[in-house]
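Chain and residue survey
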Amino acid sequence: MKALFFDFDGLLCDTESAARHSWEELYTRLGHSLPASVWARMAGRSNGHEVATSDLSVRIGRPVTQAELAWRANRKQELADVEPLRPGIADLLSAALERGLRLAVVSSSGAAWVRPHLTRLGILDNFDPVVTGDDEQRHKPAPDLYFRALSITGVAPAEVIAFEDSPSGVAAATAAGLRCVAIPNGAGGDPADLRQATLVVPTLVGFDLGKVLG
């Protein structure tokens, strides 16, 4: 193994919970509840905003206003800005760097979201490259972002382990030919939805990288 590729939202940092809570709060403000089925279509996907906006518009019988959407976006930022690294991530990164593995971020979110958070968390310099949704037209579950990371790093799919937290991320990694470790995130969802992954673990706390590398 030569490299580890990491999703960002919900994997390195639980910004997925921030996203879910911000939508739940907007739905509540407008007299409704965010259905679990709608969140399942949103999690880990770059078009989640459109999914929720369309659903909520139908429920309230009018378009969601720009002011309401701006409130939701600001609320998401407030919640995400206090999220730390997910448990076990710091130790995993340290173990990988000690072994000389190359680390990359592969995220469907835009660079303007991902990079400031990586900087805030003090881990940006660990990753080369940081591949984001700005780099490809097709996002997860399509494998394009992973293909780009493979091209930049020059490693073969068999030489990489991907770490993901959502079904769409797992689908993208496996479609690119990577082995994938899935860790359910704090935003909920059924761990059974991650069954396409090579390995599903409940947490990265105490994760034995050496055992996985073989």
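Above: the structure in question.
Residues numbered from 1 in each chain as written. Predicted model: local features only at pLDDT ≥ 70, side-chain atom pairs only at ≥ 80, totals over all residues. Heavy atoms only, no water.

Next up on the list: the nonpolar core. Residues L4, F6, F8, L12, L118, F127 and F163 are the most contacted members of the largest nonpolar core, which totals 32 residues. Going through the elements one at a time, β1 (3–6), α4 (66–80), α5 (89–98), β2 (102–106), α6 (111–120) and β4 (160–164) are the ones with two or more residues in this core. The greatest single-element share of this core, amounting to five residues, is contributed by α5. When sequence neighbours within four positions are dropped, the list of residues in contact with F8 reads C13, T15, V105, V106, S107, W113, V114, H117, L118 and L121. (Core = buried A, V, L, I, M, F, W, Y, C linked by side-chain atoms within 4.5 Å. Buried < 20%, exposed > 50% of the residue type's maximum accessible area, 1.4 Å probe, protein only. Helix = DSSP H or I, 4+ residues; strand = E, 2+ residues; numbered from the N terminus. Contact = heavy atoms within 4.5 Å.)

With omega at 10°, the peptide bond leading from D128 into P129 counts as cis. Note on placement: P129 falls in the loop between α6 and β3 (130–131).

Per the counting criterion, the structure on display carries four aromatic pairs. Here F6 and F127 contribute two aromatic rings whose centre-to-centre distance is 6.0 Å and whose plane-to-plane angle is 75°, an arrangement assigned as edge-to-face. Pair noted here: F6 is in strand β1 and F127 is in the loop between α6 and β3, with a separation of 121 residues, a long-range link. On the basis of relative accessible area, F127 is assigned to the buried category, the value being 6%. A centroid spacing of 5.9 Å and a plane angle of 80° characterise the contact between F163 and F207, whose relative ring orientation is edge-to-face. Taken together, the residues F163 in strand β4 and F207 in the loop between β6 (199–200) and α9 (209–213) connect sequence positions 44 residues apart. Each member of the pair F163 and F207 is classed as buried. (Phe/Tyr/Trp six-rings, centres within 6.5 Å; stacked < 30°, edge-to-face > 60°.)

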